[in-house]
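Okay, here's what each chain looks like letter by letter:
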Amino acid sequence: MENNPELVREVENALHVDIIPGTEIMAQGVAGIHFVENESNQVLVPQPSNNPDDPLNWSPLWKGIILVSMFMIAFVNAFGPLAIAPQVPMYMAEWPGKTIADILQFIGVCILVLGFSNFIWVPMSTTFGRRWVSILAGLVSLAACIWRANAHSYNSMIGASILHGIGAGTAESIPPVLIADVMFLNERGLWMNVYTWSYFGALMVGGIVSGAMSDRYGWRSFWWLNVALYTLMLLFQVLLHPETHYDRRHLVSSNATNDSSPPDVASFEQEKFTAISSEGVHPITEYIDTVFRKGSPTKSQFIEFTRRASKRESWLSIWTPIMLFSFPIIEWSSFAFSWSASCYLMINLTQSQVFAAPPYNMSASAVGLTNFAPLIGGTVGMLVAGPLSDWVSMKATRKNKGIREPEMRLPTLIPFTILAIIGAFVTAYGYQNLWKMEVIVIVGYTLLGLQVTAISAIAMTYSIDSYKPIAGEILVSATVNKNLWGYGVSKFLTPWVIRSGYVRPMITIIGTSTLIYLFAIPLYIWGKNLRRMTKDSYVHKQ
């Protein structure tokens, strides 16, 4: 709606509120406009077209297929690259003379490349669409896993890890874009949580499976399992995943008007009638989507390989993620995302070092099984954080006369921040003082798993709600930030632990994370002012 200045002024005068990008009308009848609603009488944002091939209009079956594909992209790409912690003793035996820090570089270099690879994938997805980019990235990762399974030297495994990081980068950028392509604003909180759970859950499940398979069949078997998973994912995408990129800048749904002749009369059926209110008699235009939840993709959305963006738009998709670091909201979201992930990475980097050594003396498979705790915690975070943040936002929207602001999600961070602090303290002091394994795993690991899915999803949904047209570019900025910090943690945590013990480095990490989360307080108060500073940016016109 912000693309129609006249309508924006009418709504601002009617409600006495500034309508800027990120602010959404969730009430009917404002300025004489009746929007398309769902069965619960909630206004749909963004407004769908009246075209059956519009992904927002697809049937639940086709949307479900896209969400399954989203899950597979996130899960399969995250399952292997960071799951080697239980295998560390086996790699050390395979390449004698290599230290724990050397072996953990298989994780470190992969993390580093994962983020920067999205400077390739996101511009390509903007230019050529999500379908073909997902397939190409899957082929790259498939080749990397075959290489890993056949690596016979340390340097060869490093090379395979780098290639795997390039291919697996789509796990951190394409799924949120798919969610924004097919889901409405009031649904995104839940599905962003499903995405973060599938991504971080894969890291946890990967550790369980890699430990068990390596103990029984050797470490190479795990990479052949990854080859099978990528093959299944690619078959699914080739046969069932249509293109979801849809240019809706021309649609009347984003330029709704109560004029008698809307810009695109073919986009919606209209019903015009006269309403009598306390302000007098005025015409009302109601837009009716006759194919809502009845649409399906066309053949061309499966087979066409066409340029969907101009050269300027393609170059902007490379420049925009860099430029976005100057936007305070996206900068904060990136750091919140980064440090919640770093809190979980502490588990990944230390579990084998702690539990394979005395007094625990656990096998690779037993170390891997400790990942069930963060998996359960991450599942709880997924089930609670998304619906809770949606509920908190909707309740605040009703109090705000049907006007939703992205900042309304932020109070949901409070309980998850407290749980993150408890989890980190239990893990750090448990490690240092050799507490019972059950206490460290059940309390510490579970809470650190819970916080990573919950805080990541809330922070990223906030920035995407504020700057919806550039969801993919936001994820590039966030993942570059996350993976730079992740690489730093993977590079320096082990030497720091050896030098100072577990408490100092781990408490430093959770302390830094908490400080970042506290910046949500000024964002809740002044976040709209920050969005107002960027309201004329080109990013809102993409």
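Draft legend 1. View of the overall build of the chain. Of the regular secondary structure elements, the chain holds 21 helices and 5 strands. When the 542 residues of the chain are sorted by exposure, 62% land in the buried category. Taking contacts inside the chain between residues at least 6 apart in sequence as the whole, the part at least 24 apart equals 79%. In the form shown here, the chain has an accessible surface area of approximately 20400 Å², with 66% of it arising from carbon and sulfur atoms.

Draft legend 2. Broad picture of the pattern of salt bridges. On inspection of all chains with the given rule, the structure shows 9 salt bridges. For the salt bridge of arginine 409 with aspartate 390, the shortest nitrogen-to-oxygen distance reads 2.8 Å. One end of the pair, arginine 409, is in the loop between strand S5 (403-404) and helix H17 (413-433); the other, aspartate 390, is in helix H16 (residues 372-399), with 19 residues separating them in the sequence. The class for arginine 409 is buried, based on a relative accessible area of 1%.

Draft legend 3. Quick look at the nonpolar core. One finds Tyr91, Phe106, Tyr199, Trp223, Trp332, Phe355 and Ile474 to be the most contacted residues of the largest nonpolar core, which totals 131 residues. With 15 residues, the single largest contributor to this core is helix H14 (residues 328-355). If we ignore the near neighbours within four places in the chain, the residues touching tryptophan 332 are Leu410, Leu413, Ala459, Tyr462, Ile516, Tyr517, Phe519, Ala520 and Leu523.

Draft legend 4. Looking closely at the state of the cysteines. If you walk through the whole model with that rule in mind, you get 0 disulfides. You can see cysteine 110 has no disulfide; the closest cysteine sulfur is in cysteine 145, sitting 9.4 Å from it. Residue cysteine 110 is classed as buried on the basis of its relative accessible area of 0%. Exposure remark for cysteine 145: the relative accessible area of 0% places this residue in the buried category.

Basis of the calculations
- Residues numbered from 1 in each chain as written.
- Predicted model: local features only at pLDDT ≥ 70, side-chain atom pairs only at ≥ 80, totals over all residues.
- Heavy atoms only, no water.
- Helix = DSSP H or I, 4+ residues; strand = E, 2+ residues; numbered from the N terminus.
- Buried < 20%, exposed > 50% of the residue type's maximum accessible area, 1.4 Å probe, protein only.
- Contact = heavy atoms within 4.5 Å.
- Areas by Shrake-Rupley, 256 points an atom, 1.4 Å probe, with all protein chains shown as cover.
- Salt bridge = Lys/Arg side-chain N within 4 Å of Asp/Glu carboxyl O.
- Core = buried A, V, L, I, M, F, W, Y, C linked by side-chain atoms within 4.5 Å.
- Disulfide = S-S within 2.5 Å.

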